Amino acid sequence: MARVAIVTGGTRGIGEAISVMLTGLGVTVAANYAGNTARAEEFTGRTGIRAFQWDVSDFDATQAGVAAVEAALGPVDIVVNNAGITRDGTLMKMSKASWNEVIDTNLGGCFTMAKAVFTGMKERGWGRIVNIGSVNGQAGQYGQVNYAAAKSGIHGFTKALAQEGARFGITVNAIAPGYIDTDMVAAVPGDVLAKIVQRIPVGRLGQANEIARGVAFLVAEDAGFVTGSTLSINGGQHMY
Ligand code: CAA
């Protein structure tokens, strides 16, 4: 029986690559998106993957959104918590809104999604949750106290939930991407980005497919002994 997956932020960037790769592996994918309907329609037209709109930072909207996916496609076996935003700025310039938006979306979204799927996964005795962290959650990054805190929180969330899921056949893992060639990274000022790329031993930005490859590994049927781990995919930028 084909597995059903939700990829949050699944119509663009890294999420799009994950949606497409899982579909290629025979998984039925629901690609969640927050607000860019034109892009979601273009994505669905091009890939045939259905898109579902809700804001993962909104608890009630997420419960309703997951229920809509399950009504359309069946019980959800795989969740990839990929939705993420940046509101970069030094602490002194950072507003309360910029802090809250990033924490509520990037970290809060992992909570709202897990709450929506965990009981069903437990009842069926199988589940895969992959949370997309960041090298900047591992190493910190100037101008990103909000983003680094949220992404670092994802790594703790992953290890705690992995312990809760293990006896029910639910694995929970994280991937920590480095700088990947997406719209998010393209928004970093050019001179700043050039200095960052200079510090990547592989000497280039990563490609979204290189993160999707890691997700495919972690959600595989025979990956049941891999849980609570963080897979760094960063071109050697940060090793630990
Ligand atoms: N280390 C030390 N000092 C730094 C610094 C750094 N990395 N970057 C900037 N500074 C210094 C500047 O030299 C400057 O010093 P002076 O005031 O003495 O001249 C001071 O900090 C202020 O710098 P700016 O004028 O650039 O400040 P700003 O407020 O205009 O912008 C910033 C700051 C928003 C942080 C900008 O530098 C920036 O966008 N940096 C990139 C942040 C980044 O890497 N974001 C990643 C986005 S992609 C992503 O997040 C995906 C992922 O998971 C990897």
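It should be noted that the structure appears before, not after, this text.
Just so you know, these numbers come straight off a predicted model, no measurement behind them.

Draft legend 1. Looking closely at the overall build of the protein. What the protein contains, in helices and strands, is nine helices and seven strands. Here the C-alpha radius of gyration of the protein, 17 Å, is about what a compact globule of 240 residues would show, namely 18 Å. When its C-alpha atoms are laid out on the principal axes, the protein stretches across 50 × 40 × 35 Å. Here the protein holds 240 residues, and 49% of them are scored as buried. For the protein, restricting intrachain contacts to residue pairs at least 6 apart in sequence, the fraction spanning at least 24 positions comes to 71%. Accessible surface computed for the protein: about 11000 Å², of which carbon and sulfur atoms make up 56%. The protein carries 19 positive and 19 negative side-chain charges, and their two centres are separated by 5 Å.

Draft legend 2. A look at the environment of Ala 162. Relative to the helices and strands, Ala 162 is located in helix 6 (residues 145–165). Residue classification places Ala 162 among the buried positions, given a relative accessible area of 4%. Sequence spacing of Ala 162 and Arg 128 is 34 residues, and the spatial spacing of their C-alpha atoms is 10.0 Å. Ala 162 has contacts with Val 172, Thr 227 and Gly 228, leaving out every residue within four places of it along the chain.

Rules used in this analysis
- Residues numbered from 1 in each chain as written.
- Predicted model: local features only at pLDDT ≥ 70, side-chain atom pairs only at ≥ 80, totals over all residues.
- Heavy atoms only, no water.
- Helix = DSSP H or I, 4+ residues; strand = E, 2+ residues; numbered from the N terminus.
- Rg over C-alpha atoms; globule rule 2.2 N^0.38 Å.
- Buried < 20%, exposed > 50% of the residue type's maximum accessible area, 1.4 Å probe, protein only.
- Contact = heavy atoms within 4.5 Å.
- Areas by Shrake-Rupley, 256 points an atom, 1.4 Å probe, with all protein chains shown as cover.
- Lys, Arg positive; Asp, Glu negative; His and termini not counted.
- Charge placed at Lys NZ, Arg CZ, Asp CG, Glu CD.

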